[in-house]
Amino acid sequence: MSASAIAIDSVPHKAGPNVVRFGMITFLASEAMLFSGLICGYMVLRAGAGAAWQMPEGLKGGFVLVKTIAATLCLIASSFTLHFSEARLIKGTRYGKLLLALTIVLGTLFLCNQADEWRNLFHEGFWFNSAGIMGSCFFVLTGFHGCHVAIGVILLIASLIRALTGNITPTKHGFLECTGLYWHFVDIVWVFLFTILYIL
Amino acid sequence: MSFWRSSFARCGLVLTVLLAGLGTCWADPRTSNLWWMPENASEGGVYIDQLMWFILFLTGIVFVLTQIVYIFFIVKYRARKGVPATYSHGNNRLEIIWTAIPTAIFIGLWGYSNHLWWDVLHSTPPANSLQVGVAAYQFGFSFQYPGTDGKLGKAEASFVSNDNMFGNDPSDPDAKDNFTSSVLEIPVNRPVHIRLDSKDVIHGFYIPQFRIYQDMVPGRMIDWVWFTPTKIGKFQLACSQLCGSGHYNMKADIEVVSEADFEKWYQEKAKAVQPQPGAKLTSVTETKDQ
Amino acid sequence: MSQTIVHSGAETHTGTAHHHELSFFHKYIWSEDHKTIAIQYLFASLFFLLIGGLLAMGVRYQLAFSGQPIPLIGSLLPRWLVTDAGAIQPQGYNGLVTMHATVMVFLVVMPLLVGVFGNFLIPLKIGAPDMAFPFFNALSFWLFFASGIILLSSFFVPTGFPAAGWTSYAPLSANGAYNGSQAGQSLWCVGIFINGLASIAGAVNYITTIINMRAPGMKMFRLPLPVWALFITAILLLLAVPVLSAAAAMLFFDLNFGTSFFEANRYGQPLMWQHLFWFFGHPEVYILILPAMGLVSEMLAVFSRKPIFGYKAMVYAMAAIGVLGFVVWGHHMFVSGMNLMLSSAFSFSTMLIAVPSAIKTFNWLGTVWGGSIRFTTAMCFALAFVSMFVIGGLSGIYMASTPVDLFIHHTYFIVAHIHYVLFGGSLFGIFGAIYFWYPKMFGHMMNEFWGKVHFVLSFMFFNLTFFPMHNLGLNGMPRRIADPSLYDFLKSSQPLNIFVSLSAFGLGLSTLIFFVNFVYSMFKGPKAPRNPWNSTTLEWTLPSPPGHGNFPVTPTVYNGPYEYSVPGMDQDFLPQNQPAPEAARVAVH
Ligand code: HEA
Ligand code: HEA
Ligand code: CUA
Ligand SMILES: [Cu+2]
């Protein structure tokens, strides 16, 4: 309201990296509940459907499994590359940007695989509205997760731009750190999803 | 400024009382229980009413006591010149007391409720129960009776369809002589065991005089509801779960009749049904007239 | 994230050499000042209160005078809502009820408590210059506002409002062929989803701010109770809202894309919707009451001139409500067709959750005891809150008892319960809090005389409107019935329905007094001093309204929040930022 300018000598009015981190972790708790809701729904529906729960051919074959495992490994590997990239970028040592770029590539590979899988399923006639309850669940779970990965990739690209323009320094790296936390979270969610969707 | 001297407060109280009185007089030409529960007409309802009265007394006492104390404090401790407020941050002994006592009361109340829930209301239905299937659809009810063999036969939610609203198992011969009715006709003083299902959305099976409510859920055959009507008369079954544009008028008649009258009605209805082979067990014609 | 924080922190606050004037856009539209955002929330949600109230008036009109054209405006209303003659039709009625509750819950009470008082009070009370993430705070408001517009926009689609109740039970809600308002229901899902994003953004902000940005000396157990309440509420929001978002997303897909999550004949599960909804829904109702409890506790202490009785017990009770709130959702589903064993278990947890509410009630009585009570308008509302909450809470006990719920489930008894806790509780608390903090927000006092008139009339009409609903419910009147006169067993209670409706109109009109007072005082109200109520908490040490950036010098906190009438002091309150004078005998606790 009345914007009297006053010299502020006050508690951290710029939220420092720690506060930003704290906020991000809080937010991820919320995200975790979102996926918990979806996953609980999945389990209830699967238990209730009994024999009507039909895995489509396109998800059964060994090749599909191999492909998905490869994509999963990409995602897991990307967590590590991001972890090391973060440490390097913050300290300002070498290869930070390269590792970050690698992370982006790995994330994109995962997304491409997902898109390919969806396409195959579509051609097989297995789609969210035509494949019974298993279809509904599969597409919504992978879709929600895919969106998160896509947002993650965008955040990673933004981080890379920051790194390239010299906007990541030992004192200024909240954005990068949050992206990292988010990315690890998305990874962990995938491990759960992979287990319940493809293995169990 | 004192609360009681505040003309606002006095006005408010007097007006509230006056208007409440006015409401009573105006609503006077009433025909039955305007202010209270309709007279109970089932065996289980007796117990529910007892529990209800028990809670009414319990909460009534709690309410009156807390409000008396509260209003007394409010009046007594209104700001007065030269009388400072007591400086106190609380009292741990009091905290323990007023945590422990309500906890004990609530656990006791749960015990009482739970006893009724299992031992009276959801005990196994007696062997002589009349079995009735109840199907709901947008927007009406239909009832199915066991026919001459006295057996409804097996049913499953997955069989429910337009042609088979009650979900009868097509392979079960017991269901072949079942007949349907658009009125829930039941004999007095004999347990009625109902089996509920719904064709489309969730509907509600609600009879206030019997103190009974159960949602009817598509995809679920609910078979744990039974009750014993104790009064001859006409009642109304109201759908009390919002189910769409016709919800406001989704109802069915209930007739509780003497055992003899019931027998007569039942035989007539049962005779009319020729056991027919095949899947189309239940005619929907009678229920379409909604 | 970090970028925005740096931006909003550095340049606007320091203002040493040149004074950075904010543009109109940054001052009033996209403001990142928590106080401005609070006021934006206040205006928006009061506007929605008018709308939600008008919808309620429509509901009450129909219940009293079903089939009769609405006077004056009847013929102007869209055809999904009224007949050609201008009388409300059944489907339109369902839409009114649905949107009345949706608006009141998601666009009125939640934003008033969390958006307005959360934003305004948290930084001021803990001695912080702003929220931790001002950008996300501003975003939260605009998301909320957008969700309101989206939800209400269904008024203009041909099939009208969503009509499946605010609980949107599937499969009715999941299929346009069943509910007849596919577009409205879809907008509902989208609106609720966006509203959820706004809530989550707010919740993250509050939690982070409270944990990280307290002034020196502001220990957790020195936080004023509204801050504690909002803190716990934020945690509930954070964990409960995303579950509703997930459910709303599935519902949206069912409605529009042919998935079958809730469609029984395609192996979906209708009851799953109820579990997901109430897993959110029950924490939600505590989200709607906890902040009000906090605000009321503070007003009771201030105007009794006493420390709050049992401060820690109050905090623990709220925490207990928060935790238990997540395990009682099934009490809405006793007769839904879920396993009977679960009903038993949920009944038990529901009984337990009433205990912390009992603790709070008794501590409020303890606070008033021995006080020196000043009957300001704010205090009147706070006092009334306690009584009304007790009535609403006690009626909850009837439903928590499974056999009794068999009889009263889905009747007007529940409607009475809802309004006693939500109107007599939350909204009374909010009214009180507006009278109380208005001076700090706008720099003017509200008119006390008209405040009292508003209080007395709404107290009266509130009880006349909602108390008889208990009787209607016991008489067997189901909720969400457009025309009770169609039922033989309800014919006798029609006069009571008319009485309730007339009282409801009275309640609506008395609320208008508040609106007039609110607007008038903003321009013509007497100037507010810094500390009109002789209060101890930090916001009252600042000018009214406080400047951008709040505290010129970071305060240091020496005392608990409610040191009133400390023996040995001249004045009867000891501000949190003042060391106790030598002579004062502050109790150590
Ligand atoms: C602010 C909101 C709010 C609050 C605080 C509460 C509080 C409580 N509610 Fe309520 N409730 C709603 C909002 C709220 N509710 C809404 C909106 C619905 C309907 C939703 C819908 O279907 O649309 C609902 C529905 C609802 C149901 C489902 C009814 C049905 O559909 O059949 C039940 C059942 O158990 C219930 C129980 C309770 C209980 C036990 C409490 C307790 O927390 C109350 C505890 C308080 C007290 C008990 C009073 C004070 C205590 C004392 C004075 C101490 C001593 C007392 C004794 C020893 C008895 N509520
Ligand atoms: C915070 C929550 C809140 C609030 C404040 C209210 C306020 C009111 N509510 Fe509401 N209500 C709910 C939450 C709330 N309600 C919920 C959750 C349901 C369940 C819905 C469901 O079943 O899905 C419900 C359902 C509900 C019903 C049951 C409908 C049914 O089941 O068929 C009724 C019926 O009387 C009702 C009435 C009212 C009235 C008269 C008010 C009044 O207090 C409103 C007072 C009016 C104002 C505050 C507005 C200001 C005044 C004007 C705009 C102008 C005045 C104009 C004239 C007098 C003509 N409500
Ligand atoms: Cu069927 Cu309401
Ligand atoms: Cu609840």
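S.K.: How would you explain the packing of aromatic side chains if you had to name every residue and give the values?
M.R.: Scanning all chains against the criterion turns up 104 aromatic pairs over all chains. Centroid distance F179 of chain B to W265 of chain B: 5.9 Å. Interplanar angle 65°. Geometry classified as edge-to-face. Of this pair, F179 of chain B sits in strand β3 (residues 179–181) while W265 of chain B is found in helix α4 (residues 259–272), placing the two residues 86 residues apart along the sequence. An angle of 40° between the planes, with centres 5.6 Å apart, marks the rings of F262 of chain B and Y266 of chain B as tilted. On the criterion of helical spacing, the pair formed by F262 of chain B and Y266 of chain B is a turn pair, its members being four residues apart in helix α4. Overall, the relative accessible area of 1% leaves F262 of chain B in the buried class. Cation over ring: K312 of chain C sits above F221 of chain C, and NZ or CZ is 4.8 Å from the ring centre.

S.K.: So what's going on with the layout of surface pockets? Residues and values would help.
M.R.: Taken as a whole, the second largest pocket holds about 1100 Å³ of empty space. Residue lining of the second largest pocket: 37 residues in total, with F27, E31, H148 and I151 of chain A together with L197 of chain C positioned closest to the centre. Sorting the residues of the lining of the second largest pocket by element identifies α1 (17–49), α5 (132–164) and α6 (174–199) of chain A together with α5 (134–153), α7 (182–212) and α8 (225–257) of chain C as the ones contributing at least two each. Of all the elements, α5 of chain A adds the most residues to the lining of the second largest pocket, at eight residues. Residues of the lining of the second largest pocket, tallied by class, amount to 29 nonpolar, seven polar and one charged.

S.K.: Before we move on, can you summarise the coordination of the copper ion (ligand 4) with the specific residues and values?
M.R.: Coordination of the copper ion (ligand 4) by the protein involves H282 of chain C (ND1), H331 of chain C (NE2) and H332 of chain C (NE2), with metal-donor separations of 1.8 to 2.1 Å. The metal-metal distance between the copper ion (ligand 4) and the iron atom of ligand 1 comes to 4.5 Å.

S.K.: Explain the site of ligand 1 to me, and be specific about the residues and the numbers.
M.R.: Residues in close proximity to ligand 1 total 31 residues, the closest being Y286, D405, H409, H417 and R479 of chain C. More than one chain reaches ligand 1: the nearby residues come from chains B and C. Note that an oxygen atom of ligand 1 is positioned 2.6 Å from one of the side-chain N or O atoms of D405 of chain C. When contributions to the shell around ligand 1 are tallied by element, the ones reaching two or more residues are α3 (92–121) of chain B together with α9 (270–287), α12 (340–368), α13 (377–400) and α15 (412–442) of chain C. In terms of residue count, α13 of chain C provides more of the shell around ligand 1 than any other element does, seven residues in total.

S.K.: Lay out the coordination of the iron atom of ligand 1 with the relevant residues and their values.
M.R.: Counting protein donors to the iron atom of ligand 1 gives just one, H417 of chain C (NE2), placed at 2.1 Å. Within the secondary structure layout, H417 of chain C lies in helix α15.

S.K.: So what about the interface of chain B and chain C? Which residues, and what values?
M.R.: If you look at the interface, chain B gives 97 residues, while chain C gives 109 residues. Roughly 9200 Å² of surface becomes buried between chain B and chain C when both sides are summed, with 72% attributable to carbon and sulfur atoms. One can count 29 residue pairs in polar contact (both at pLDDT 80 or more) joining chain B with chain C. Those elements that provide at least two residues to the side of chain B that touches chain C are α1 (7–26), α2 (43–76), α3, β7 (212–216), β8 (222–227) and β9 (233–238) of chain B. Examining the composition of the side of chain B that touches chain C, we find that 16 residues originate from one element, α3 of chain B, more than from any other. For the side of chain B that touches chain C, the per-class residue count stands at 57 nonpolar, 31 polar and nine charged.

S.K.: Describe in detail the pattern of salt bridges, supporting the description with residues and values.
M.R.: Counted according to the given criterion, the structure contains 14 salt bridges over all chains. Where D49 of chain B meets R211 of chain B, a salt bridge forms, and the shortest distance between an N and an O atom there is 2.7 Å. Of this pair, D49 of chain B sits in helix α2 while R211 of chain B sits in the loop between β6 (203–207) and β7, and the two are 162 residues apart along the sequence. Across the pair, R211 of chain B and D49 of chain B agree in class, each one buried. The structure contains a network of salt bridges with shared partners spanning K67, D116 and R119 of chain A.

S.K.: Any details on the environment of L486 of chain C? Residues and values, ideally.
M.R.: For L486 of chain C, the location among the structural elements is in the loop between α16 (448–474) and α17 (494–524). Among the residues examined, L486 of chain C registers a relative accessible area of 28% and is labelled partly exposed. The contact partners of L486 of chain C, leaving out residues within four places of it in the chain, are Q236, Y248, N249 and K251 of chain B.

S.K.: Explain empty space enclosed by the protein residue by residue, including any values.
M.R.: All names here are of chain C. Using the criterion set out here, one finds seven cavities of 30 Å³ or more in the structure. Reported here for the largest cavity is a volume of approximately 130 Å³. Around the largest cavity, the lining is made up of 15 residues, and of these Y41, P111, V114, G115 and S199 lie nearest the centre. Put simply, the parts of the chain that give the lining of the largest cavity at least two residues each are α4 (90–126), α5 and α7. No other element matches α7, which puts six residues into the lining of the largest cavity.

S.K.: For the side chain of Q214 of chain B, give the residues involved together with the corresponding values.
M.R.: Position of Q214 of chain B among the secondary structure elements: in strand β7. Judged by relative accessible area, Q214 of chain B falls into the buried class, the value being 4%. Within the structure, Q214 of chain B has its side chain in polar contact with the backbone oxygen of V335 of chain C (distance 3.1 Å). Setting aside residues no more than four positions away along its own chain, Q214 of chain B makes contact with L196, H203, G204, F205, I222, W224 and V225 of chain B together with V335, S336 and G337 of chain C.

S.K.: Let's hear about the nonpolar core: which residues, and what values?
M.R.: F141, Y145 and F205 of chain B together with F117 and F518 of chain C are the most contacted members of the largest nonpolar core, which has 336 residues in total. When residues of this core are assigned to their parent elements, the largest contribution, 23 residues, is made by α4 of chain C. Residues within four places of F205 of chain B in sequence aside, it is in contact with V134, L184, I194, L196, I212, Y213, Q214, M216, F227, L237 and A238 of chain B. Core analysis: the second largest hydrophobic core is formed by five residues, Y87 of chain B together with M569, L574 and A584 of chain C among them.

S.K.: Mind laying out the packing of helix α3 (residues 34–64) of chain C against α5 of chain C, listing which residues take part and the relevant values?
M.R.: Residues and elements named next belong to chain C. It is at 10 Å that the axes of α3 and α5 come closest, and there the two elements cross at 10°. With respect to each other, α3 and α5 are oriented roughly parallel. As α3 runs across α5, the sense of the crossing is left-handed. Residue-level contacts link H34, I37, Q40, Y41, A44, F48 and I51 of α3 to P134, N137, A138, S140, F141, W142, F144, F145, G148 and L152 of α5. Considering only residue class, the contact of α3 with α5 consists of twelve nonpolar, five polar and no charged.

S.K.: Summarise α15 of chain C; cite the residues concerned and give the values.
M.R.: Residue and element names in this part refer to chain C. Largest kink in α15: about 45°, centred on F436, with the proline P439 one to four residues after it. Counting buried residues along α15, 29 of its 31 residues qualify, which places the element largely inside the surrounding structure. Positive phi appears at G443, one or two residues downstream of α15, with a value of about 75°.

S.K.: Please provide a residue-by-residue account of the environment of H193 of chain B, values included.
M.R.: Residues and elements named next belong to chain B. Mapping H193 onto the fold places it in strand β5 (residues 192–198). The class for H193 is buried, based on a relative accessible area of 14%. With eleven residues separating them along the chain, H193 and G204 place their C-alpha atoms 16 Å apart. If near-sequence neighbours (up to four positions away) are discounted, H193 is found in contact with P125, S129, L130, Q131, V132, D223, V225 and W226. Of note is the side chain of H193, whose polar atom sits 2.7 Å from the backbone oxygen of D223.

The rules behind the values
Residues numbered from 1 in each chain as written. Chains lettered and ligands numbered in written order. Predicted model: local features only at pLDDT ≥ 70, side-chain atom pairs only at ≥ 80, totals over all residues. Heavy atoms only, no water. Phe/Tyr/Trp six-rings, centres within 6.5 Å; stacked < 30°, edge-to-face > 60°. Helix = DSSP H or I, 4+ residues; strand = E, 2+ residues; numbered from the N terminus. Buried < 20%, exposed > 50% of the residue type's maximum accessible area, 1.4 Å probe, protein only. Lys NZ or Arg CZ within 6 Å of the ring centre and 35° of its normal. 1 Å grid on protein atoms, 1.4 Å probe; cavity = no way out; pocket = protein on both sides within 12 Å on 5 of 7 lines; lining within 4 Å. Points joined across faces, edges and corners; volume = space filled by probe spheres on them. Nonpolar A, V, L, I, M, F, W, Y, C, P; charged D, E, K, R; others polar. Donors = N, O, S within 2.8 Å, 3.2 Å for Na, K, Ca; no water. Near = heavy atom within 4 Å. Polar contact = N/O pair within 3.5 Å; in protein donor to acceptor, adjacent residues only side chain to side chain. Contact = heavy atoms within 4.5 Å. Buried area = accessible area lost by both parts, 1.4 Å probe. Salt bridge = Lys/Arg side-chain N within 4 Å of Asp/Glu carboxyl O. Core = buried A, V, L, I, M, F, W, Y, C linked by side-chain atoms within 4.5 Å. Axes fitted to C-alpha atoms, helices over the stretch in contact; angles between N-to-C directions. Parallel < 35°, antiparallel > 145°, perpendicular 65-115°, else oblique. Left-handed = near helix turned anticlockwise from the far one by under 90°. Bend = angle between axes of the 7 residues up to and from the residue.

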